[in-house]
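So you can see what is in the structure, the chains are spelled out below.
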Amino acid sequence: MIRAITWVTEPRHAIRLIDQTKLPHTEEFIDVVSTEQLVDAIARLVVRGAPALGAAGAYGVALVLAEGAAKGWDDAAIAAAVAAVREARPTAVNLAWGVDQVAPLIPQGFAAVLAAAHAVAAADEAANRELARRGADWLIANYPREKYRVLTHCNTGALATTAWGTALGVIRELHERGLVEEVYADETRPLLQGSRLTSWELKKLGIAHRVQVDGAASSTILRGLVDFAIIGADRIALNGDTANKIGSVAVALACHRAGVPFLVAAPASTVDLQTASGADIEIELRSDDEVNFLGGQRLTPEGVAGYNPAFDVTPADLIDAIVTEKAVFEPKREESATVMARLATL
């Protein structure tokens, strides 16, 4: 079982992360022992993926308390450090959610916060397995096939969660039922999470797959080579609009044109009931260097600016199913304003 994030106590309190910037060639773990190091790891995508960031946020509060105790921080310094963790990546709602799950326990001390963080991580794994089962069942009931050819974008497996995976978790569930013929994994420019991370996971799982350039995805769908596409989400608005890795909306548009089901799989914690629609989601802009350079080699002429939004928003009316551990929602068939609000009643 791949564990992208765990808490360790020896030789000191730390958040242990697999360094995803070095995959697939080097499998290296690092122990994060300070708030500054954690914020940097989140910003550099050493740890990434909405559910994993939720766990990072929760464990981050415990790390702040451990560091604060060692350095004699007062309440104001602790609050500032917690805020720094919470705000390290603005689009991914799970990071702030994870912090908010445990921060109210700060007055009760380190042990209470750490216990709550462990509970957040355990709940995520359970949620992933349940949403994977629900997603597979929904697909089989609505679009039965002898075997499925799948397209996925970015990385949504165990590396993006505390264990198992979300969108890739649904693919794993189908694979375990003997229902996956092949997966098309988009490379996911500019940081290549698909070719570096998703392919690494699929190979370890023994799932047949190909890696394709992002620009091939629409053609692959329109040529009839895919039976469904499935992605994750970093934030889901009240009306069912979803924010995910840049390039996701192009996949959704191609699926809509081809009549191929387009699914979003994410834990219920990814739903932000305070965000009315995708228009209200802040889109993180990352460094031009990620576009202009690859492996230290400049790809563009000197002085050329880059444009590097990390996410895009897929409108709810392009989504056939939003799969959570609590229920499967069908935005195309439901009143959009109430699609995700129903989560509060489940």
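Parameters and conventions
- Residues numbered from 1 in each chain as written.
- Predicted model: local features only at pLDDT ≥ 70, side-chain atom pairs only at ≥ 80, totals over all residues.
- Heavy atoms only, no water.
- Axes fitted to C-alpha atoms, helices over the stretch in contact; angles between N-to-C directions.
- Helix = DSSP H or I, 4+ residues; strand = E, 2+ residues; numbered from the N terminus.
- Parallel < 35°, antiparallel > 145°, perpendicular 65-115°, else oblique.
- Left-handed = near helix turned anticlockwise from the far one by under 90°.
- Contact = heavy atoms within 4.5 Å.
- Core = buried A, V, L, I, M, F, W, Y, C linked by side-chain atoms within 4.5 Å.
- Buried < 20%, exposed > 50% of the residue type's maximum accessible area, 1.4 Å probe, protein only.
- Pairing = 2+ DSSP bridges.
- UniProt positions renumbered as here; feature names shortened; annotations may be inferred.

Novice: Help me get a handle on the packing of helix H1 (residues 35–43) against helix H3 (residues 75–86), residues and values and all.
Specialist: Where H1 meets H3, the closest approach of the two axes is 9 Å, and the angle between their N-to-C directions is 10 degrees. Classified by the angle their axes make, H1 and H3 are roughly parallel. For the element pair H1 and H3, the recorded crossing hand is left-handed. Counting all contacts with H1, which are made through Thr35, Leu38 and Val39, the residues of H3 involved are Ala81, Ala84 and Val85.

Novice: Any chance you could break down the environment of Leu23 for me, citing the residues and the numbers?
Specialist: When you line up the elements, Leu23 lands in the loop between strand E2 (14–18) and strand E3 (29–32). Separated by 174 residues in sequence, Leu23 and Leu197 have C-alpha atoms that sit 6.6 Å apart. The contacts of Leu23, once residues within four sequence positions are left out, are Ile18, Leu159, Arg196, Leu197 and Trp200.

Novice: Quick rundown of the nonpolar core? Include the residues and the values.
Specialist: Ranked by size, the top nonpolar core spans 37 residues in total, and within it Ile15, Leu17 and Tyr59 carry the most contacts. Of all the secondary structure elements, the ones that give two or more residues to this core are strand E1 (5–8), E2, E3, H1, helix H2 (50–71), H3, helix H4 (93–102) and helix H5 (110–142). Among the elements that line this core, the one with the most residues is H2, at 11 residues. Residue contacts for Leu17: discarding those within four places in its chain leaves Ala4, Ile5, Glu28, Phe29, Ile30, Val32, Ala41, Val46 and Val47. With 27 residues, the next largest nonpolar core counts Ala217, Ile221, Cys255 and Ile322 among its residues.

Novice: Can you break down the pairing of strand E7 (residues 228–231) residue by residue, with the values?
Specialist: Each regular strand carries side chains that alternate between the two faces of the sheet. Every second residue of E7 is oriented toward a common face, with Phe228 and Ile230 on one face and Ala229 and Ile231 on the other, all of them buried. Note: strand E4 (residues 148–152) against E7, three bridges, orientation parallel. Counted as the bridge partner of Val150 is Phe228 from E7. Judged from the three bridges that link them, E7 and strand E10 (residues 262–265) form a sheet pairing that is parallel. Of the residues in E10, the one forming a bridge with Ile231 is Val264.

Novice: How would you explain the UniProt feature "binding site: substrate" (unreviewed entry) in the chain if you had to name every residue and give the values?
Specialist: According to UniProt, the feature "binding site: substrate" (unreviewed entry) maps to Arg48, Gly49, Ala50, Arg89, Gln193, Asn244 and Lys245 in the numbering used here. When you line up the elements, Arg89 lands in the loop between H3 and H4. Judged by its relative accessible area of 4%, Arg89 is buried. In contact with Arg89, not counting residues within four places along its chain, are Ile42, Leu45, Arg48, Leu53, Leu95, Lys245, Glu284, Arg286, Ala310 and Phe311.

Novice: Pulling in residues and values, what's your account of the sheet that holds strand E9 (residues 242–245)?
Specialist: In space, the three strands of this open sheet follow the order E8-E9-E13, with antiparallel pairing throughout. In this open sheet, the two strands that pair with only one neighbour each are strand E8 (235–236) and strand E13 (311–314). Sheet topology places E8 next to E9; two bridges connect them, and they run antiparallel. Directly across from Arg235, in E9, lies its bridge partner Ala243. Strands in contact with helix H9 (residues 248–258) are E9 and E13; relative to E13, the strand with the most contacts, it is inclined by about 30 degrees.

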